[in-house]
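Each chain, written out:
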Amino acid sequence: MARKKEIDRERVLDAAEAVIRESGGRTFTLDAVAARASISKGGLVYSFATKDDLVHAALEREMARFREAVHRRLGGGPTEPVELVLAHIEEALEEDDVSTQKAAFLVTALVHAPDMVEPVRRYYRELLDPLRSDGGDMHEVRHALLAVEGIFLLRGLGFVEVSAEEQKSVLLHARDIVVAVLAKHRASAPLHAPRPK
């Protein structure tokens, strides 16, 4: 009996990302991904039954990559919401145009499938909900983060022409707001209780 050929899931996801990167998502089809991965469309559909399944898997991988990068910046210790936002903004500052466009495409490709976009919603709830406030410092940090994510989507989807320099300026301004709030909080009271000796 012939052994059934296995499809390398990571290779397919790499191919999907390459198609998105090269076309901005305009030619993102199962045929294009299969061709890029050098597999048959049937082999692709065996692993990812629909285009939505493929997009969902690529989005989950991209979110995991970004989340892991943010957590590496935090060093694994306990973090306050403001520290998490700062790490998120600093990681966003390191992203290149291709990563931004790919992530924006993946997020919006699933807007019509609410159950599949739940991981994105959960991520943003975890990031934004602790910052809910009618005013004050948390209000400022929340608005800074919303500006960062707004420009990410607007530029990543090509809705507005924003230069890389302007985007960086917005992110740096948002980071400055968060850094100022963090410094103010650290000066008035430590964020974490001192460790016993």
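What you are looking at is a predicted structure, and each value in this text was computed from that prediction instead of being measured.

## Some words on the overall build of the protein
- In terms of helices and strands, the protein carries 9 helices and 0 strands.
- Going residue by residue from the N terminus, the α and β elements of the protein occur as α-α-α-α-α-α-α-α-α.
- The burial tally for the protein puts 40% of its 197 residues in the buried class.
- Across the protein, every contact between residues at least 6 apart in sequence was considered, and the portion connecting residues at least 24 apart equals 65%.
- For the protein, the accessible surface area stands at approximately 11500 Å², while carbon and sulfur atoms represent 54% of it.

## Digging into the packing of aromatic side chains
- For the coordinates displayed, the defined rule picks out 1 aromatic pair.
- Seen from their ring centres, Y123 and Y124 are 5.4 Å apart, and the 75° between their planes marks the pair as edge-to-face.
- With relative accessibility at 12%, the residue Y123 sits in the buried group.

## Structural notes on helix α9 (residues 164-188)
- The end-to-end C-alpha distance of α9 is 36 Å, a good match for the 36 Å that 25 residues give at a rise of 1.5 Å each.
- Within α9, burial applies to Q167, L171, A174, V178, V181 and L182.
- On the buried face of α9, the contacting elements are α5 (81-94), α6 (97-109) and α8 (136-156).

## What about a nonpolar patch on the surface?
- Taken together, the side chains of L154, F159 and V160 define a hydrophobic patch exposed on the protein surface, amounting to about 280 Å² of accessible area.
- With respect to the helices, strands and loops of the structure, F159 is situated in the loop between α8 and α9.

The rules behind the values
Positions within a chain are numbered from 1, following the residues in the order the chain's sequence is written. The predicted origin of the model limits local features to residues at a pLDDT of at least 70 and limits the giving and counting of side-chain atom pairs to 80 or more, whereas totals for whole chains, interfaces and linings rest on all residues. Side-chain calculation: all heavy atoms of the structure are included, whereas hydrogens and water are not. Numbering of helices and strands runs from the N terminus; a helix is a DSSP stretch of H or I covering at least four residues, while a strand is a stretch of E covering at least two. In this scheme, a residue with accessible area under 20% of its type's maximum is buried, one over 50% is exposed, and one in between is partly exposed, where area comes from a 1.4 Å probe on protein chains only. Throughout, a contact is declared for two residues whenever any of their heavy atoms are within 4.5 Å. Each accessible area is a Shrake-Rupley estimate made with a 1.4 Å probe; only the visible protein chains count as cover when residues are assessed. By convention, a stacked pair of Phe, Tyr or Trp rings (six-membered ring in the case of Trp) has centres within 6.5 Å and planes under 30 degrees apart, an edge-to-face pair has planes over 60 apart, and any other such pair is tilted. A helix is expected to span 1.5 Å for every residue after the first. Patch membership requires more than 30% relative accessible area and the absence of a salt bridge. Residues of like charge join within 9 Å; the nonpolar side chains Val, Leu, Ile, Met, Phe, Trp and Tyr join within 5 Å. The term salt bridge refers to a pairing of a side-chain nitrogen on Lys or Arg with a carboxyl oxygen on Asp or Glu at a separation within 4 Å.

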